[in-house]
Structure formats: C-alpha cells, structure tokens
Amino acid sequence: MFLLKILKQIVVIFQTDISPNQVAWGFALGAILGLVPNMFMKLVLFIIIMMFRVNVSAAFVAWAIYEILSFALDPLFDVIGYQILNISFLNAFYTWLYNLPVIPFTKFNNTVVMGSLIAGIILIIPNMIIAKKLLVYYRTHLREKVSKWKIVKILTATILATNVVKIVK
Amino acid sequence: MKIIRWSFLLTTIIIIALITIFNILFFDKILKKAIIASGQFAVGAKVEIDYLKTSFKNCSITINGFRAADKNNYFKNLVDIEKIKFDVRFAPLLRKKVVIDEMSVDGLRWQTDRKTSGELPKKEKPKNQQESKFSKLFKSAKDKTVTEFNNLPSVETFNKIQGQVNNFDINKLIEDSGLSSIKEVEKVSAELQNKYKSYQDKVNNFNYEEKINKAKTLADELSKSKFGSLADIANTAKKVNELKTIKKEFDDILVELNNAKKDVSATVDVTKQIKNTIASDVNMICEKISIPTLNTKNISQMLFGPKWVNRVEKTIYYISIIKQYIPEGSDEKKVKEVKQRALGRDIIFKELLYPSLLISKINVTGTTAKTKEETGIDFSGLIKNISSSPSLVNAPITLELAGNNSIQKINVTGLFDHRTKDSKDNIKVEFTGLSGTILNIEPNDYLPLVDTANVDVAGTFDLNNSGFLCSSDIAFKNIKEKALNTVEGNLKYLAQITNSIKSFDVNLTAQTQDSENLDVKINSDIDKKLYDAISKLFSAKVNEAKDKIKQKVNELAQAKAKEIEKSLQGQKDEVLKQITGKIDAVEGIEKIITDALKKQK
C-alpha cells in the first residue's frame, strides 16, 4: 500500500501540471526531512513544509529517497558534523543554543544530526535545480509516451476515482 | 504566487487556541488534583486546597487554604497554610524542570483543629509508602525502651509509696503487725498465775497441825514437869531439846512463809515488765512506714521517658519524610566527555543544569496559634535551596524561622545537607516563655502542675546515615501550686510534695550509633527535688505517725496489763490470806515454845 501511494504521488507530480517550482522546493525540503535523523527536527521541518505552498508529494518522495540514502551517508555526516561542531569560534554560539529552552530537543549537538542538516541545506539548491530540470524535461519529452503505459493509466484512473469519491462525500 | 498555505496555518492556530482554552479552563483543576494526590501520598492523610490559580503570563501559581491532615491524629492538621505564591521559570519547565526563585508561604500554622476527619478512604491510602530505616528501628527500640521505663525500680518504689500513702491506717498497721507486747502481757499473766498456784499448793501442803500439837503437848508437859529425880531432869532435858528442834523447824517455815508473803505481796506491774517489748513493737511498726530508698536517677525517666521517646519518634518520622524526598548526593562527579553512539556522537557543551525541582527561597510567615482567636507567636523566616538534586545546586537546604511576642520567643534553624552520600540533617529548636500545656504532659499525682509552668525548650535533632542524636533541654519555671482543698485523702501528701517544687530542668537525649540500639538518657533535677520533698514531708509524717504508734501500742499493752492485773488480784489476795494465816499460826506456836523454854531456864 505504501509503495502504491508513493507511485501514485510520483504519477501525480509527473503527469499533472503542478508548478515545477513548487515541486522543486518540496523535493529540496523533503530531502532534508529524509536526511535528518532526529524526530523533533523532522517535525519542525514537516511543519515548515506544510506551512509553505510547496509540493507535499514531492517532499514525501524526497523524504523516502533520502531516508534510504542516509543509511549509507551517516558515516560521512558524522565526519562533517564533528568538524562543524568543533569549530572553535562557534563554540560560544553552540553553548548559547544548547542552553536555550527548546533547541536542545533538536539534538543539534549530535554529529550525524548536524552533518545531515548541513548537507541537506547545502543540497537545497542542487536538489531544486535537478528536480526542476528533470520535471520540465519529462513533461516536454516523455509525458505523452508514459501516459500510454497501462500502469500509469490505472494509477491515473485510481487517482481520478479517489478524487470523485472525495467530492461526492 | 501565494507562499503561505493558510489552511494549514489556520488549522494549527485553532488547535493551539483550543489547547490554550482547555488549559485556562481546566489546568487549575488538574494541577490542584495532582498536588492533592501527591501531597496525600507524601503525608498519608487528606490534603485540601481551597483555591488554586495559575497565570500563564508570568508562570505564577497561587494556592489559598492549603491543609494537610495529621496521619497520627485525623482531627488535627499537620500544616495549615493561608497562602502560597510562587513564580516558576518558564525555560526550565520545557525541560521538565521546576525552578522557583522565590516562594512566599503566609499564615503557616500547625496542629490546627479539623472539623472533619483527615483519614483517607482505604482505597486511596498509599500502599507502598516506605518507612525509613530510622522509623523501623525506632518502632522496635521504642517498645523496648518504654517497657524498660515501666520496669524501673523507681516505678516500683513510687507504687510502694503510693500504696503506703493510700493505705495508711495506724490501727490496721498495728493489727497486721501482731504486737509482741500483748503476747508478753499474756505470758507474764500466765507466769503469775502459776506462781500463785504453786504458793497456794505449797501452803496447803505444809503439815503444821501434827507439829503444832506435838509442840503444844511438849510445852504443856514442860510447864508441869517436876524435878524429883535425875530421871526427871533427863526427861525434861530431852523434851527441851525436842522443843528446840521443833522451834527451829518452825523458824525455817516462818522464813519460808514470810518470803512467800513478800513475794506474793510484791506489786504486780505487768506494764513495767513489758516496757522493753513495747519499745521493740513501736520500732518494728515504725520501720514499716519508713521512706523507701529511692533511686534518684530515674524518677524523671519514668515521668518523661515515654513522652520523650514518642516525641523523638515523631520528629524522626517527619525528618525521614523530608529525607525521603531529598535524594542522596553522589560523590562521583559527572565527567563531561564525548559519548560514542551508534548514530553519531553527542558533543556536550557547558550546560546550565537545573535539578528537576529547585526552590531557591521560600519566605515563610506563620503563627503558633492553633486558631485565629488564640494568641500565639507570630514568626517569619526563610527556607533556602530546596531541590531534588542538592549536589547540583551545591548548597544545603537551610531553614531559619524566628518570632516573638511580649512573652514568648521562638527560633528554629535547620540544615539538610544531602550534597554527598553522607547526608546530614540537623534541626535546632528554641522556644522560650511557652506555656506548659504545649508539652502535653498528662496530669500526674507525682508531678507538679507543669501545665501552669513557663517552659523554655532547646532541642537539637541530628540525623546522619548511620544514626541520629536527639537532645533537648527543658526548663520548667514558675510552677503554680495545686489547691490542697481540692485534693482529698492521702493524695494531699503528694500534693504537698509536688507543691514544694517551683521549677525543674530536664535533659533528654536519644541516640543510635550502630543503627541497632537506641540509647535514651533522661536527667532531671526533679529527681532530687522530689526525693528531698518526699523525704522532708515523709520524715515529718513518719515522726508524727511514730508518736501515734507509740501511744497506741502503749495504750493497748497497758489496757491488757491492767485487765490481767485486775484478774490476778483476787488470786493474789487469797494466797496472801492463806500465807498470813499460816504465819500467824506458826508465830503463835513459836511464842508458846519460847515461853515454855524460858520457864525451864
């Protein structure tokens, strides 16, 4: 069911006319959501995604992709995070953050959390560009061909049916 | 392009608003219930709060009418506080830490009366409320000590004195003693009776008649004798010799009879004979009413021991409750270093650490009066550094309360140091000018009216991990006298004894060092004062009683002697009469013999 939902979301993103910018922002923010291991930080990022008019489906897709990727990337994030957290001139800033009321719940002082957050932030622009370009290229060159695939037709029909049921209800 | 997703934002705002409204409407009630529940768990009796109000603006809490019942007396309140107010710091709250910089506690009173019972319904009673090791130790030690106090020799002695005072009756005492003088009178009487009888028998058994006749015959023959021949002379000489022999016999009988007469006619003075016996009787009875030897060391133990043990038990119980809620510190300091984790490493920065609960300062005001109408001592003071982790705060809990009115003064200091594993708890209490009623000493015939005394109390209670030392000095002054006209019977003696004591001091200690044995020591000058008063009064009373006993014993013995003398008088007269008759007869014949012998010359 979960895979089916992911597939449906992918079909919606690719086959409909949703703004490529919304999809690109959603994908970039969703990537951070997937990379960061801390639940509190995930919650904060999720609220941000929900508050801004970005594509939530793209965010979920990116979350799923980067969640899987992060298992492999954790050792790298650990190294990055350790280096960042040990920058001496930032120590006072970290100490201040550490003693703020809510911030410690984000576990920013964990090397993997910090490493993955920084990596996610750095990847925002590349993720946006890649996502936008891929979407535009797809819609221009491949959408017609793919829409004829049986699986896509079924999924599209399912999505339409679901929407009709929602409207009737 | 619209950047913000307003539907989500509005939904979120509505949810937050609903939570806030819920808190405004119900948070106070929930918090009140939580405080009551935890309070009831801590004290084991009902906790009531009249009014509780929280303010989210400055995180303040106001509690009015806080009352916690006393689990040892459900119709008394352990504490009764008019108003408690404090502000909680917001930031630590987000880390589940309660930090209060300053708290004010106004109108603190204790042991106030309750209209309803403070007993918890059985189902709400805390099941697993653990007794501290001191409470457990104390319970067993207390029973042992109280039994020891009740078996003290002075208790027996006091009971003996009480029995003696209550049952003092000269007649009964004499009757129970079995007087030797009376027995002696009876013995003397029997001896006299025997003596009289033996004389009577002796007089009756004398064979006079034959000898008298013979003497008469010889005297008659001599008066008629003629000396015609030598044979007549020889015959007369023979008769003279015979008569002389008879006279000699009569002389001896007369001596014997005179002696008997002298002996019998001697005054019968039984009283004189039993004089020494009466004296020994008096001494024997007086010994029975002498003052028993008192061990002056333990009168006060008997009087104050159980009370002191109960008070120490109560104090230890409450300090134990405090101990229970202040965790022991640890000697090991936390080493702040990078921790290795499966997912990354935590870099630890210098943290402003807070304990779960920290109340930096509590301003306390209160009164010792149990009701608003009563005049008590108004006091005020500070409690500092209450925390769930004293080692983190690195300061012991301190308590300072002081107050006075025109007569009385109160000063309480306390220190609860739980920063290390070797915790130390100390409370010092000083009261001056108190009424004796505050000590709740039950009225006792052996004690002066302690309720009327002015009392100064200085107590110290020290607890550490291995044991405790509690000591208290109590000075009773200006004790009023018992009204003697309200006391009846022999209790007047006791009232006179206790009335002579106007002041006394008591020093009490209770300690354990090896967590096994409770050593309770009680010293007081009331021991000596009571002993002196008892001795003084009893000496006078004993002397008075001795005089009465002497008089009474004399009266009894003399009456008996007189009765015996009277009954013996008849027998004595009869014997004398018989002896006198015999003497007369013997003297008569002796005269005849003498005359007859004279003529022969």
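It should be emphasised that the depicted structure is a prediction, and the values quoted were computed from it without experimental measurement. (Residues numbered from 1 in each chain as written. Chains lettered and ligands numbered in written order. Predicted model: local features only at pLDDT ≥ 70, side-chain atom pairs only at ≥ 80, totals over all residues.)

Glancing now at the overall build of chain B. A count of helices and strands for chain B gives 14 helices and 16 strands. Relative to its 601 residues, chain B shows a buried fraction of 26%. (Helix = DSSP H or I, 4+ residues; strand = E, 2+ residues; numbered from the N terminus. Buried ≥ 20, exposed ≤ 12 C-beta atoms within 10 Å, placed from the backbone.)

Turning our eyes to something else, we now look at the overall build of chain A. Secondary structure summary: chain A contains nine helices and zero strands in total. Traced from its N-terminal end to its C-terminal end, chain A shows the element sequence α-α-α-α-α-α-α-α-α. Across the 169 residues in chain A, those meeting the buried criterion constitute 34%. At a minimum sequence separation of 6, the contacts of chain A that also span at least 24 residues come to 84%. (Contact = placed C-beta atoms within 7 Å.)

All names here are of chain B. Running from N to C, helix H6 (residues 180-205) and helix H10 (residues 275-288) cross one another at 160 degrees; their axes reach a closest spacing of 8 Å. As summarised for this structure, H6 and H10 are arranged roughly antiparallel, according to the angle between their axes. Pair H6 / H10 crosses with right-handed handedness. On H10, the residues that touch Ser180, Ser181 and Glu184 of H6 are Thr277, Ile278, Ser280 and Asp281. Looking at the contact of H6 with H10 residue by residue, the classes come out as one nonpolar, four polar and two charged. (Axes fitted to C-alpha atoms, helices over the stretch in contact; angles between N-to-C directions. Parallel < 35°, antiparallel > 145°, perpendicular 65-115°, else oblique. Left-handed = near helix turned anticlockwise from the far one by under 90°. Nonpolar A, V, L, I, M, F, W, Y, C, P; charged D, E, K, R; others polar.)

Counting buried positions over the eight residues of helix H5 (residues 170-177) of chain B gives zero, only a small fraction of the element. Just beyond H5(B), the residue with positive phi is B:Gly178, at close to 65 degrees.

Burial of nonpolar side chains together is a common tendency in soluble globular proteins. One finds A:Phe27, A:Leu29, A:Ile32, A:Val36, A:Ala59 and A:Ala62 to be the most contacted residues of the largest nonpolar core, which totals 37 residues. For this core, the elements supplying multiple residues, two or more each, are helix H2 (20-35), helix H3 (39-51), helix H4 (56-85), helix H6 (111-122) and helix H7 (124-141) of chain A. Residues within four places of A:Val36 in sequence aside, it is in contact with A:Met41, A:Lys42, A:Leu45, A:Val113, A:Ser116, A:Leu117 and A:Gly120. Of all hydrophobic cores here, the second largest spans 32 residues; its members include B:Ile182, B:Leu218, B:Ala561 and B:Ala596. (Core = buried A, V, L, I, M, F, W, Y, C linked by C-beta atoms within 7 Å.)

Residue and element names in this part refer to chain B. Two numbers describe how helix H7 (residues 209-224) lies on helix H8 (residues 230-265): the axes approach to 10 Å, and their chain directions differ by 145 degrees. Handedness of the H7/H8 crossing: left-handed. Within the contact between the two elements, H7 uses Lys211, Lys214, Ala215, Leu218, Ala219, Glu221 and Leu222 and H8 uses Thr236, Lys239, Val240, Glu242, Leu243, Ile246 and Glu249. Tallied by class, residues from the contact of H7 with H8 come to seven nonpolar, one polar and six charged.

All names here are of chain B. In this structure, strand E10 (residues 397-404) lies alongside strand E11 (residues 409-417), joined through eight bridges in antiparallel fashion. Considered in E11, the bridge of alanine 402 is made with asparagine 411. A loop of four residues connects E10 with E11, the two strands running antiparallel in sequence. Judged from the nine bridges that link them, E11 and strand E12 (residues 424-435) form a sheet pairing that is antiparallel. Bridge pairing in E12 places glycine 414 opposite isoleucine 427. (Pairing = 2+ DSSP bridges.)

On to H6(A). Between its first and last C-alpha atoms H6(A) spans 16 Å; for 12 residues at 1.5 Å apiece the expected length is 16 Å, and the two agree. The buried fraction of H6(A) amounts to nine of the 12 residues, a majority that puts the element mostly inside the structure. Every buried residue of H6(A) is listed here: A:Thr111, A:Val112, A:Val113, A:Met114, A:Gly115, A:Ser116, A:Leu117, A:Ala119 and A:Gly120. Of the surrounding secondary structure, the elements contacted by the buried residues of H6(A) are H2, H3 and H4 of chain A together with strand E7 (345-346) of chain B. (Expected span 1.5 Å × (residues − 1).)

What follows deals with the interface of chain B and chain A. Listed per partner, the contact involves 17 residues of chain B and 21 residues of chain A. Sorting the residues of the side of chain B that touches chain A by element identifies helix H1 (6-43) and E7 of chain B as the ones contributing at least two each. When grouped by side-chain class, the residues that make up the side of chain B that touches chain A number 10 nonpolar, one polar and six charged.

This part covers unusual backbone geometry. Leave glycine aside and you will find that most residues have negative phi; peptide bonds, for their part, are mostly trans. Residue and element names in this part refer to chain B. Although it is not a glycine, cysteine 59 adopts a positive phi angle of roughly 50 degrees. Unusually for a residue other than glycine, glutamine 111 sits at a positive phi of about 55 degrees. Considering the arrangement of structural elements, one finds glutamine 111 in the loop between strand E4 (98-109) and strand E5 (112-113). Owing to 14 C-beta atoms within 10 Å, glutamine 111 belongs among the partly exposed residues under this scheme.

Residue and element names in this part refer to chain B. On average, chain B scores 78 in pLDDT, and the residues at 70 or more come to 82%. Ranking the elements of chain B by mean pLDDT puts strand E6 (residues 339-340) last, at 42, and strand E2 (residues 60-70) first, at 92. Within the model, the stretch residues 338-342 combines pLDDT values under 50 with six contacts to residues more than four positions away or in other chains. We note a pTM of 0.55 for the whole complex and an ipTM of 0.76 for its interfaces. (pLDDT = per-residue confidence, 0-100.)

Where strand E9 (residues 378-387) of chain B meets E10(B), six bridges bridge the pair, whose relative direction is antiparallel. Looking at E10(B), one finds that B:Ile383 is bridged to B:Leu399.

The next point concerns the environment of A:Phe108. Residues and elements named next belong to chain A. Structurally, phenylalanine 108 is set in the loop between helix H5 (91-98) and H6. Linking phenylalanine 108 and leucine 85, residues 23 residues apart in sequence, is a C-alpha distance of 8.9 Å. Setting aside anything within four residues of it in sequence, one finds phenylalanine 108 in contact with Leu97, Ile103, Val113 and Met114.

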